[in-house]
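Geometric and topological summary
Now for the letters of each chain:
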There are 4 protein chains.
Amino acid sequence: MKDIQSTPDYRKISLREAGIKDLKYPITILDREQKEQTTVADISMSVSLPHHFKGTHMSRFLEVLTDSGCRFTGSTIPVVLKKLKEALEAESARISISFPYFLTRRAPVTGAEAKMSYQCVFTGESNKDSEDFVLTVTVPVSTLCPCSREISKAGAHNQRGYITMEVRTEKESNSTFAMLWIEELVEIAEASASSPLYTILKRPDEKFLTEQAYNNPVFVEDIVRNVAEKLRKDQRVTQFTVTAENHESIHNHNAYAVVSWTRPASPENDSCI
Amino acid sequence: MKDIQSTPDYRKISLREAGIKDLKYPITILDREQKEQTTVADISMSVSLPHHFKGTHMSRFLEVLTDSGCRFTGSTIPVVLKKLKEALEAESARISISFPYFLTRRAPVTGAEAKMSYQCVFTGESNKDSEDFVLTVTVPVSTLCPCSREISKAGAHNQRGYITMEVRTEKESNSTFAMLWIEELVEIAEASASSPLYTILKRPDEKFLTEQAYNNPVFVEDIVRNVAEKLRKDQRVTQFTVTAENHESIHNHNAYAVVSWTRPASPENDSCI
Amino acid sequence: MKDIQSTPDYRKISLREAGIKDLKYPITILDREQKEQTTVADISMSVSLPHHFKGTHMSRFLEVLTDSGCRFTGSTIPVVLKKLKEALEAESARISISFPYFLTRRAPVTGAEAKMSYQCVFTGESNKDSEDFVLTVTVPVSTLCPCSREISKAGAHNQRGYITMEVRTEKESNSTFAMLWIEELVEIAEASASSPLYTILKRPDEKFLTEQAYNNPVFVEDIVRNVAEKLRKDQRVTQFTVTAENHESIHNHNAYAVVSWTRPASPENDSCI
Amino acid sequence: MKDIQSTPDYRKISLREAGIKDLKYPITILDREQKEQTTVADISMSVSLPHHFKGTHMSRFLEVLTDSGCRFTGSTIPVVLKKLKEALEAESARISISFPYFLTRRAPVTGAEAKMSYQCVFTGESNKDSEDFVLTVTVPVSTLCPCSREISKAGAHNQRGYITMEVRTEKESNSTFAMLWIEELVEIAEASASSPLYTILKRPDEKFLTEQAYNNPVFVEDIVRNVAEKLRKDQRVTQFTVTAENHESIHNHNAYAVVSWTRPASPENDSCI
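The text that follows walks through the structure, step by step, so that each part is easy to find. All values derive from a computational prediction rather than experimental measurement.

1. Regarding the relation of the copies chain D and chain A
Once turned by 180 degrees and shifted 0.0 Å along the axis, chain D lies on chain A with an RMSD of 0.0 Å. Viewed as a symmetry operation, the transformation between the two copies matches a two-fold axis. Measuring from the rotation axis to each C-alpha of chain D, the shortest distance belongs to Thr 241 of chain D, at 11 Å. Interface residue correspondence from chain D to chain A reaches 100%, placing this contact among same-surface, isologous pairings.

2. Some words on the interface of chain A and chain C
With 27 residues of chain A at the interface, the matching set in chain C holds 27 residues. Of the roughly 2400 Å² buried between chain A and chain C, counting both surfaces, carbon and sulfur atoms make up 66%. Where chain A touches chain C, the interface holds four salt bridges. Two residues, Asp 3 of chain A and Arg 203 of chain C, come together in a salt bridge whose shortest N-O distance is 3.7 Å. In this assembly, chain A and chain C are joined by ten residue pairs in polar contact (both at pLDDT 80 or more). Those elements that provide at least two residues to the side of chain A that touches chain C are β1 (15-31), β2 (35-49), α1 (58-67), β4 (93-106), β5 (113-126) and α5 (203-214) of chain A.

3. Some words on the pattern of salt bridges
Residue and element names in this part refer to chain A. Tallied over the entire structure, the rule returns 80 salt bridges over all chains. One salt bridge in this structure joins Asp 132 and Arg 168, with 2.7 Å as the shortest N-O distance. Taken as a pair, Asp 132 in strand β6 (residues 131-144) and Arg 168 in strand β7 (residues 158-169) lie far apart in primary sequence, 36 residues in all. Taking relative accessible area as the criterion, Asp 132 reaches 22% and is therefore assigned partly exposed.

4. Notes on unusual backbone geometry
In this structure, Asp 22 of chain A takes a positive phi of about 60 degrees despite not being glycine. Structurally, Asp 22 of chain A is set in strand β1. By relative accessible area, Asp 22 of chain A is classed as partly exposed at 42%. Within the chain, Cys 70 of chain D stands out as a residue other than glycine whose phi angle is a positive 60 degrees. In this structure, Cys 70 of chain D sits in the loop between α1 (58-67) and β3 (71-72). For Cys 70 of chain D, a relative accessible area of 6% gives the class buried.

5. Overview of helix α4 (residues 182-190) of chain C
A large share of α4 of chain C lies buried, amounting to eight of its nine residues. Looking at α4 of chain C, one finds that the buried residues are Ile 182, Glu 183, Glu 184, Leu 185, Val 186, Ile 188, Ala 189 and Glu 190 of chain C.

6. Quick notes on the packing of aromatic side chains
Considering all chains together, one arrives at twelve aromatic pairs over all chains under this definition. Ring centres 5.1 Å apart and planes at 20 degrees place the aromatic pair Phe 240 of chain B and Trp 261 of chain B in the stacked group. Of this pair, Phe 240 of chain B sits in strand β9 (residues 237-246) while Trp 261 of chain B sits in strand β10 (residues 254-262), placing them 21 residues apart in sequence. Residue Phe 240 of chain B is classed as buried on the basis of its relative accessible area, which comes to 0%. Under the relative-accessibility criterion, Trp 261 of chain B is labelled buried at 1%. With centroids separated by 5.7 Å and ring planes inclined at 50 degrees, the aromatic side chains of Phe 122 of chain C and Phe 133 of chain C adopt a geometry described as tilted. Here the residue Phe 122 of chain C occupies a position in strand β5 (residues 113-126), and Phe 133 of chain C occupies one in strand β6 (residues 131-144), the gap between them amounting to eleven residues. By the burial criterion, Phe 122 of chain C is buried, and Phe 133 of chain C matches it. By way of ring pairs, the aromatic residues Phe 99, Phe 122 and Phe 133 of chain A are connected into one cluster. Over the face of the ring belonging to Tyr 256 of chain A we find Lys 21 of chain D, whose NZ or CZ atom lies 4.7 Å from the ring centre.

7. Describing the pairing of strand β6 (residues 131-144) of chain B
All names here are of chain B. Where burial is concerned, most of β6 is hidden: twelve out of the 14 residues are buried. Where strand β5 (residues 113-126) and β6 come together, eight bridges link them in antiparallel fashion. Across the sheet, Cys 120 pairs through a bridge with Val 137, a residue of β6. Inspection of the sheet shows β6 paired to strand β8 (residues 195-196) by two bridges, in the antiparallel sense. Opposite Val 141, over in β8, you have Pro 196 as the bridge partner.

8. So, the packing of α1 of chain D against helix α2 (residues 77-87) of chain D
Packed helices, taken two at a time, are described by the angle between their axes plus the distance between the axes. Residues and elements named next belong to chain D. Running from amino to carboxyl end, α1 crosses α2 at an angle of 145 degrees, the nearest separation of the two axes being 10 Å. Crossing of α1 against α2: the hand is right-handed. Facing Arg 60, Phe 61 and Val 64 of α1, the residues of α2 in contact are Val 80, Lys 83, Leu 84 and Ala 87.

9. Describing the relation of the copies chain A and chain C
The two copies are related by a screw operation: chain A maps onto chain C through 180 degrees of rotation and 0.0 Å of translation along the axis, at an RMSD of 0.0 Å. In this assembly the copies share their binding face: 100% of the residues contributing to the interface of chain A also contribute to that of chain C.

10. Digging into the interface of chain D and chain A
On the chain A side, the residues contacting the 56 residues of chain D number 56 residues. When residues of chain D are sorted by the area they lose upon contact with chain A, Arg 11, Arg 225 and Tyr 256 of chain D head the list and together hold 18% of the total. Summed over the shared surface of chain D and chain A, the number is eight salt bridges. Across the salt bridge formed by Arg 11 of chain D and Asp 222 of chain A, the nearest N and O atoms sit 2.6 Å from each other. Here chain D and chain A share 34 residue pairs in polar contact (both at pLDDT 80 or more) between them. Listing elements by their share of the side of chain D that touches chain A, those giving two or more residues are β1 (15-31), β2 (35-49), α1, α3 (146-151), α6 (220-233), β11 (237-246) and β12 (254-262) of chain D.

What counts as what
- Here the residue index of a chain counts from 1 through its sequence in written order.
- Naming scheme: in the order in which they are written, chains are lettered from A and ligands are numbered from 1.
- Two thresholds apply to this predicted model, a pLDDT of at least 70 for residue-level local features and 80 or more for giving and counting side-chain atom pairs, whereas whole-chain, interface and lining totals are computed over all residues.
- Think of the side-chain values as coming from all heavy atoms in the structure, minus any hydrogens and water.
- Residues below a pLDDT of 70 in either copy are left out; the C-alpha atoms of the rest, at least 70 in both, set the least-squares superposition of the copies.
- By definition in these notes, contact holds between two residues if any of their heavy atoms fall within 4.5 Å.
- By buried area we mean how much accessible surface two parts lose on assembly, using a 1.4 Å probe and totalling the loss over both.
- Between Lys or Arg on one side and Asp or Glu on the other, a salt bridge is scored when a side-chain nitrogen of the former is within 4 Å of a carboxyl oxygen of the latter.
- In protein, a polar contact means a hydrogen-donor-capable atom and an acceptor-capable atom, both N or O and within 3.5 Å, with residues adjacent in sequence counting only if both atoms are side-chain atoms; elsewhere, any N or O pair within 3.5 Å suffices.
- Put simply, DSSP marks the helices as runs of H or I at least four residues long and the strands as runs of E at least two long, and each gets a number from the N terminus on.
- Buried, partly exposed and exposed residues are distinguished by accessible area as a fraction of the type maximum, computed with a 1.4 Å probe on protein chains only: under 20%, between the cut-offs, and over 50%, respectively.
- Pairing of aromatic rings covers Phe, Tyr and the six-membered ring of Trp, with a centre-to-centre limit of 6.5 Å; geometry is then stacked below 30 degrees between planes, edge-to-face above 60, and tilted otherwise.
- A ring is considered to have a charge above it if a Lys NZ or an Arg CZ atom is located within 6 Å of its centre and within 35 degrees of its normal.
- The criterion for strand pairing is that DSSP finds at least two bridges linking the strands in question.
- An axis is simply a line fitted to the C-alpha atoms; with a helix, the fit covers only the stretch in contact. Between two such axes, the angle follows the N-to-C directions and lies from 0 to 180 degrees.
- For a crossing to be left-handed, the near helix must be turned anticlockwise from the far one by less than a right angle; the clockwise case is right-handed.

Following this line, the structure appears as structure tokens:
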């Protein structure tokens, strides 16, 4: 049976990526408290394609994925990327795994327990001479407007907002990066907003959170600065982009802010952009 | 060229609908102030299919649509439905047209002007012996929690919410229904929540709205009851379903309420469910 | 602390539903081969609200949910609904659980194995004197156009389509309904289209499926009739609605067909609409 | 009334962006045949924020937008960006305008006419010393698999695919860039796939397209190379990224390919990645 994909191509155009997208698949990931948890991911995988090949072999992505056992951690992702490069005879490989991660949370006063979901992405890349890993975590929070509070006789508009942190950590050895728990990023985000969100809240909890938010007004600009301050103090972190987006309760559009930072070679040159 | 769709079918199964979906198309609709406005719609159209036909002729839906000039009002939709029935030799026809409708709004204190969008749907159906038309309008609003306000020392959680009204009006003549302006439903919805939303707000407006919301706390249950009270007093209205959904600012899930009502034969039997 | 929700309401408007929506939560469900599987659901829950209560107690939905252990089957859902009615002092309760369900599938020639996801919904309702349960399964398939095949010298346009089956089964005892496996509906849908889809396919499999589709051309109208024929022969099934939607490869809009059927009191009156 | 946004901030963190997102607004854009067309856009706008300001003034984005008249072209966008920088006292400003663009298309054989929509994005950026403009156009097409065609006795799987072209053109004067019509990118994309899509097709057209696709099999890799070959020959184009994504009709996931290119200083160094 003819292998069309392996036939030569004469257009002399190498491709940055050829691969698959939007594959829904059950996966297992590490959990700081429960050791591991099973969830459902949207997966994309790709490799670079040299100019002389007509096409990549799409079925091999799935073979590498199913052979991997679908357990994804900072140490298994480099292995998957290496196998993708081998199976597809490619110089570089990428994988992106997006999934909801669940944490059991206790309401602040009554301690009522339920799970909260946090959308996360693992993005790994392996090139000829370099490797990359980015952990992205999105944390829903409550945000109360400092301006509205200052100028109004009573109350202050507040709303649900989403804080997205894309974080790179220091490379520790050949192909692993310093471990940062999803739980750590959730804590940083929640401490940077007006108040956290919970799945279950009884009346004493609702009173507590309403007052906590009223006492901690923040703009989206404040949120990304609060998160940035905490992340750049963490010696494991080498680069981040933080976005905060408020689903404004006085508008039908959203407000947002973005900050990016790269650890400088020398501390005097430290600056966010 | 053989017409496969017209070949007979022996399975003796009539179909409720055969048609097209998710067609994006520019349309013109009536506007109370500007006479008309152009917007972009998602359109679906279908007809019933008798058991003896294998398939419907999908291209004819598009011919009827383009011939119609894409001006949609309470009086042009029955014409389109009639033409669909003729062109497709069908007993019944349906059309659904979903679009953002824009209104120029003035901020409550400074009068600053900008457009706000309201998602609307026209749903028309023509059967052998009956006709139907439903106007659906979704209005974004601000909602402030009465419980949170009551139990907290200061502030009260509030959030963006969406009120969806699906309304039928009295049939006036052969195939038209009593006219209800989108603008009227927007006014009813906004008057039923804690405060309206605006695209542009200066600080004095923000102060006004924050205080207005604080003084008008509502649960989702209150909102749908407030809307229901107003709609059932309107003699043009014969049936409605109202849904309110809050994007809770203390949870990552939403709260909602639904009420339905049909004008009773005699006023004593009036009840919502 | 004042319980605002329990204060009386004087508008005399009962509500069909008050509840929560869009809660993402890990759940466990039955699996014909593996006994059970863990997946991630979007959950909504509601109760009716009598006219004399101002609001429902939203936190109790979450308490009932977490107490239930989040194992959902035909026999646990009636228990959850009963508890919702008790906890919220309501006459009726509803729950809707939407989730991807995974099946290990083997490619038709090489037998290569990987998981496929099928989107499912369990919808349960418990009223004063009646109970209801609907199983909804959406199966992605391949569909090849009979008209295109007939009129063209070579080839035929084909595309990905989605078959959605909403099925009610016979009530067996107080509150359980005859069991229908998700796997059974997947088989019925795949046998009603041009060919099934697989996550992993090697070249001999691709050849097999291409030819299988070419030899089994179907319109959306054929698909829903094929499914309807199979479902109405199944004595467990009492009612269904089947929708097929093709993401047409020659258009940027979709084609669809819908059929509904209710088991008649006597077989002579059998008809789909 | 206190202006909280203008109060100083001591965290020494400058922000890359602060602004608004997901604003739905009617806009007018240039149309090669009709001179101009009205459509509906999703708009985001942002400015950089110096470290010493606490927040930006969100309402000014809307003032600049409404004052602009919402006519967006290669020459009005730089004006809007300049006004954003002035109104918000910022060093840089960004705007992104995403909208469906409609073209009247004639079916290839019968000439039947209807509109097709193409999703487009205008992205403009004005920094201290540089300016940027990217035109993004997504074109839906039909793609037929060369491998499936080669190995199968009859037929070949095909499907709807989407080609997205993000293109930068040469800077012509102070702040305008060489004009590239959306229509030109649509033509390039359609000529790079197996066949174009149409809104309305009669049987002779369907036959024509089925055969055209069968005679032009392409992988996603071929598509992006075909587009790249045409774009890099165009002297106005200085940089592009092209993505092709197929909604595979034999899988429930998508296949995709990406190519990027920057016009080299000297032609010998030309290469895509």
